[in-house]
Amino acid sequence: MQNEDAVTALVLAAGGGRRLGGRPKALVPYRGRPLVEHAVAAVRAGGCREVTVVLGAAGERVRSTAHLPGCRLVANPDWESGMGSSLRAGMAALPSPTRAVLVMLVDTPGVGAAAVARLLAAHRAGAELAAAAYGGRRGHPVLIGARYFAEVTAGAVGDAGARALLAAHAEEITLVECADVATPDDLDTPADLARWGAG
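Description of the structure in this document. Being a predicted model, the structure only gives us computed values, none of them experimental.

**With respect to the nonpolar core**
Phase 1: Among the nonpolar cores identified, the biggest contains 43 residues, and Val 11, Val 36, Val 43, Val 53 and Leu 102 are the most heavily contacted of them.
Phase 2: Among the secondary structure elements, those contributing two or more residues to this core are β1 (7-13), α1 (35-46), β4 (50-55), β6 (100-105), α4 (113-124) and β7 (129-134).
Phase 3: By residue number, the principal contributor to this core is α1, which donates six residues.
Phase 4: Setting aside anything within four residues of it in sequence, one finds Leu 102 in contact with Val 7, Thr 8, Ala 9, Leu 10, Val 43, Cys 48, Val 116, Leu 119, Leu 120, Pro 141, Val 142 and Leu 143.
Phase 5: Among the nonpolar cores identified, the runner-up in size contains 23 residues, and Leu 87, Val 101, Leu 105 and Ala 162 belong to it.

So this is what it looks like as structure tokens:
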């Protein structure tokens, strides 16, 4: 059995929203709140007590306007180089002890507490590498056990994030079906905003 308190949620919220006209994704409004607040609320309601948020674009504005009490806020000055740098920054700032990290993307508002809870349940059952799946296809969030921390950090370059780790250990991943409780689509373009009623 694993200690759920030792699972830290890592919310990657540094993106500049290039395809959204340069609007920082963390601050895009959705249902009356910025996306970063939705992501934090989802991981907390799903069972993560420790939450680390990586900020980049408009980081100071996010700090001053988003309501993120109790979160560890980490600045990624290299956010423009891609998601990999944000993952590295977040991994470097994890509290001790952290036995696993649950990586949550800020721009997936259809992923809520239920998906997070399922991944934590898989970890309690012994999974050290797990990912939400949608119709059998791997998606987000992703849970990474401590034994993989060095490897995922080394492979996080450009926009790859944890892709290299997941590819290298595909046979070890526990896929946790979440299509009945979550929608994995992200918010990348104005058309996405319109579809989600965001922005």
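Having seen the model, we can carry on.
**Some words on the pattern of salt bridges**
Phase 1: One pass over the structure, following the stated rule, counts six salt bridges.
Phase 2: Close ionic contact of Arg 72 with Glu 50 constitutes a salt bridge, the shortest N to O distance being 3.6 Å. Here Arg 72, found in strand β5 (residues 72-75), pairs with Glu 50, found in strand β4; they are 22 residues apart in sequence, far enough to count as distant.
Phase 3: Taking relative accessible area as the criterion, Arg 72 reaches 31% and is therefore assigned partly exposed.
Phase 4: A relative accessible area of 32% places Glu 50 in the partly exposed class.
Phase 5: In this structure, Glu 60 engages Arg 63 in a salt bridge whose closest nitrogen and oxygen atoms are separated by 3.8 Å. Taken together, the residues span about one helical turn, with Glu 60 and Arg 63 both in helix α2 (residues 59-65) at a distance of three residues.
Phase 6: What makes Glu 60 exposed here is its relative accessible area of 60%.
Phase 7: What makes Arg 63 partly exposed here is its relative accessible area of 34%.

Conventions adopted
Residues numbered from 1 in each chain as written. Predicted model: local features only at pLDDT ≥ 70, side-chain atom pairs only at ≥ 80, totals over all residues. Heavy atoms only, no water. Core = buried A, V, L, I, M, F, W, Y, C linked by side-chain atoms within 4.5 Å. Buried < 20%, exposed > 50% of the residue type's maximum accessible area, 1.4 Å probe, protein only. Helix = DSSP H or I, 4+ residues; strand = E, 2+ residues; numbered from the N terminus. Contact = heavy atoms within 4.5 Å. Salt bridge = Lys/Arg side-chain N within 4 Å of Asp/Glu carboxyl O.

Nothing here speaks to function; it is geometry throughout.
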